[in-house]
Amino acid sequence: MAENFAFIASFFPTKPAEAMEIVPPETNMASEAEPELSSCIADNRESDRSISNNLITQAPAASVQPACNRPFPPISQASRARFLNAAALPFSVDVLIDGRLFWQNTSFGKISDYIPVTDGFHTITLRRSDRMRAVLYQNQFPVRGGQKFTFTAVDSPSGGVNLIQLADTGCTCQSCRFGCYRVANMSFPGSSFDIRMANGDTAFSGIGFTQASPYKQTAAGSYRFFVTEAASLRPIREMPVILQAFLSGSLMTPRPLLSYSVNVQAGKNYTTYLVGNTWTSFPFQALTVED
C-alpha cells in the first residue's frame with residue numbers, strides 16, 4: 001500500500017518546506033515611482049500655467065469684467081424688524097413686543113427703523129394710544145435668525161385692524177450696476193393692482209391686498225411707475241428685469257390711478273408700499289423705503 005502512495009505522489013511534485021514561507025509584498029514600490037510621478041505632475045502643471053497665461057494674454061480686454069468687492073454677510077446674524085402703520089384709523093396706535101412698548105403714538109403712513117429681535121416667537125400687540133388703551137390686535141409671529149421683516153398694520157376686511165408680516169429678503173445675486181425692487185399692496189381689502197412703466201411695459205401684475213411682488217433686479221437709475229387696476233385678462237407678460245425705458249409717452253390703458261418716482265441705487269433693496277384709499281382722509285399713495 002505504501003508503495004502505491006509513493007507512486008501517486010510522484011506525479012505531484014512539491015517544494016521544500018523552506019521555500020513555502022510567505023513573503024510580504026514590497027512596500028517601497030510606490031516610493032520608487034514617486035520621483036517619476038512627481039516629475040510628470042510638475043511638467044503638467046507647468047504646461048497648464050503656460051496655456052492659461054496664453055489664454056489670458058489672448059483674451060480681449062472687453063471680456064474681462066470687474067469684480068464686485070462686496071463682503072459676504074455673516075452666516076448667522078441677529079434678526080431685525082420694523083413696523084408700518086397703513087391702517088386708516090382716526091387715532092394713533094402703540095406697538096408692543098412681548099408686553100414691552102416699542103413704538104408710541106404712531107399715525108397713518110409712518111414707518112419705523114429696524115430694531116434687533118431675538119429668534120423665536122414673539123407676541124405683538126396693537127393698542128390705542130389714548131387713555132382707553134384698548135387692544136386692537138394681538139398675535140404671535142415667528143422670527144428666524146439672519147432675516148429682516150416688516151410688520152404692517154392694515155384695515156381688516158371684517159373691520160378693525162390686522163397685522164401682516166413680510167420678509168425683506170432682496171435679491172441674493174446682484175450685478176454691480178443693479179439693485180432690487182418690489183411693490184407691496186397694503187391699501188384696502190379687495191384691491192389688486194398692476195405696476196407699469198412709462199412705455200407701457202408691465203413691471204408687476206396682479207398684486208392683491210396684503211401681498212407683495214417678488215423682488216426684481218433693477219438697473220440703477222430713476223424710474224417713473226404707474227399704478228393701474230389689475231387687468232382682467234391673464235396672463236400679462238412681466239419684465240423679468242427692470243430696465244430704464246427709452247420710449248417717451250405712455251401706452252397704458254386704462255388711466256392710471258397713481259404715479260410715483262423711485263431712485264434705485266446699485267446694491268440696495270427697495271419696497272414701495274401702496275397705502276390709503278379714496279374715501280377717507282388718507283389718500284391713496286405710494287411710500288418707498290430702503291430695505
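Just so you know, the residues in each chain are numbered from 1, in the order the chain's sequence is written. Only residues with pLDDT of 70 or above have their local features reported here, since the model is predicted, and side-chain atom pairs are shown and tallied only from 80 upward, although totals for entire chains, interfaces and linings are computed over all residues. Only heavy atoms go into the side-chain values, all of them from the structure, while hydrogens and water stay out.

Some thoughts on the pattern of salt bridges
For step 1, the next point in the chain: Any carboxyl oxygen of Asp or Glu within 4 Å of a side-chain nitrogen of Lys or Arg constitutes a salt bridge here. Tallying each qualifying case throughout the model produces 5 salt bridges.
For step 2, the next point in the chain: Salt-bridge contacts for Asp 130 lead to Arg 128; the nearest nitrogen and oxygen are separated by 2.6 Å.
For step 3, the next point in the chain: Each residue is assigned to one of three classes by its accessible area relative to the maximum for its type, calculated with a 1.4 Å probe on protein chains only: buried under 20%, partly exposed between the two thresholds, exposed over 50%. Since its relative accessible area comes to 27%, Asp 130 is described here as partly exposed.
For step 4, the next point in the chain: Among the salt bridges present, the one from Arg 182 reaches Asp 168, with a minimum N-O distance of 2.6 Å. Of this pair, Arg 182 sits in strand 9 (residues 178-185) while Asp 168 sits in the loop between strand 8 (161-167) and strand 9; the two residues are 14 residues apart in sequence, bridging distant segments of the chain. Residues Arg 182 and Asp 168 agree in their burial class; the two are buried.
For step 5, the next point in the chain: Connected via shared salt-bridge partners are Arg 82, Asp 168, Arg 182 and Asp 291. Counting from the N terminus, the helices are DSSP H or I runs at least four residues long and the strands are E runs at least two residues long.

Quick word on the nonpolar core
Where a protein is soluble and globular, its nonpolar side chains tend to be buried together.
For step 1, the next point in the chain: Counting residues in hydrophobic clusters, the biggest one holds 23 residues, and the most contacted among them are Tyr 181, Ile 195 and Phe 225.
For step 2, the next point in the chain: The dominant element in this core, judged by the number of residues it contributes, is strand 15 (residues 258-264), at 4 residues.
For step 3, the next point in the chain: For Tyr 181, the residues in contact, after removing those within four places along its chain, are Phe 204, Pro 214, Tyr 215, Lys 216, Thr 218, Phe 225, Ile 242, Tyr 260, Val 262, Tyr 270 and Thr 272.
For step 4, the next point in the chain: If you look at the next biggest cluster of nonpolar residues, it comprises 19 residues, including Ala 87, Leu 89, Ile 97 and Phe 151. Among the buried residues, those of types Ala, Val, Leu, Ile, Met, Phe, Trp, Tyr and Cys that are joined through side-chain atoms within 4.5 Å form a nonpolar core. Throughout, a contact is declared for two residues whenever any of their heavy atoms are within 4.5 Å.

Description of the sheet that holds strand 2 (residues 93-97)
For step 1, the next point in the chain: Here, a strand pair is defined by DSSP locating no fewer than two bridges between the strands. In spatial order, the strands read 3-2-5-6; together these 4 strands make up an open sheet with antiparallel pairing. This sheet does not close on itself; its edge strands, each paired only once, are strand 3 (100-106) and strand 6 (135-143). Across the sheet, the mean angle from the axis of one strand to that of its neighbour is 20 degrees, orientation sign disregarded.
For step 2, the next point in the chain: The sheet contact formed by strand 2 and strand 3 spans 4 bridges and is antiparallel. Each residue of the ladder has a partner; that of Ile 97, found in strand 3, is Arg 100. The convention used is that axes are lines fitted to C-alpha atoms, helices contributing only their stretch in contact, and that angles between N-to-C directions extend from 0 to 180 degrees.

Considering the pairing of strand 15
For step 1, the next point in the chain: Burial of the side chains of strand 15 is restricted to one face: Leu 258, Tyr 260, Val 262 and Val 264 are buried, whereas none of Ser 259, Ser 261 and Asn 263 on the reverse face is.
For step 2, the next point in the chain: One ladder, built from 7 bridges, connects strand 14 (residues 221-229) with strand 15; its direction is antiparallel. Its bridge partner being in strand 15, Tyr 223 is matched across the sheet by Val 262.

Regarding unusual backbone geometry
It is generally the case that most residues other than glycine have a negative phi and that most peptide bonds are trans.
For step 1, the next point in the chain: Phi angles above zero are rare outside glycine, and Asp 98 is one such case at about 55 degrees.
For step 2, the next point in the chain: Among the secondary structure elements, Asp 98 is positioned in the loop between strand 2 and strand 3.
For step 3, the next point in the chain: Its identity as a non-glycine residue notwithstanding, Asn 105 has a phi of 55 degrees, on the positive side.
For step 4, the next point in the chain: Mapping Asn 105 onto the fold places it in strand 3.

Let's talk about the sheet that holds strand 4 (residues 115-117)
For step 1, the next point in the chain: Taken together, the 4 strands give an open sheet; going across it, the order is 4-1-7-8, and neighbouring strands pair in mixed fashion. The sheet is open, and its two borders are formed by strand 4 and strand 8, each paired with just one other strand. Within the sheet, the average angular offset between the axes of one strand and its neighbour, ignoring direction, is 35 degrees.

Observations concerning the side chain of Asn 185
For step 1, the next point in the chain: Mapped onto the elements, Asn 185 comes out in strand 9.
For step 2, the next point in the chain: Polar contact is defined as a pair of N or O atoms within 3.5 Å, subject to the rule that within protein one atom must be able to donate a hydrogen and the other to accept it, and that residues adjacent in sequence are counted only when both atoms are side-chain atoms. A polar contact is formed between the side chain of Asn 185 and the backbone oxygen of Ile 207, at a distance of 3.2 Å.
For step 3, the next point in the chain: A polar atom in the side chain of Asn 185 sits 3.4 Å from the backbone oxygen of Gly 208.
For step 4, the next point in the chain: Non-local contacts of Asn 185, meaning those with residues more than four positions away in its chain, are made with Ser 191, Ser 192, Phe 193, Ile 207, Gly 208, Phe 209, Thr 210, Gln 211 and Leu 274.

Points about the confidence of the model for the chain
For step 1, the next point in the chain: What pLDDT reports is the predictor's confidence in each residue, on a scale of 0 through 100. Looking at the chain as a whole, the pLDDT averages 78, with 68% of positions reaching at least 70.
For step 2, the next point in the chain: The low-confidence segment residues 4-45, where pLDDT is below 50, has 1 contact with residues more than four positions distant or belonging to other chains.
For step 3, the next point in the chain: Across residues 47-67, confidence stays below pLDDT 50; counting only partners more than four residues off in sequence or on other chains, it has 2 contacts.

Remarks on the environment of Ser 175
For step 1, the next point in the chain: Considering the arrangement of structural elements, one finds Ser 175 in the loop between strand 8 and strand 9.
For step 2, the next point in the chain: Using a relative accessible area of 30% as the deciding quantity, one classes Ser 175 as partly exposed.

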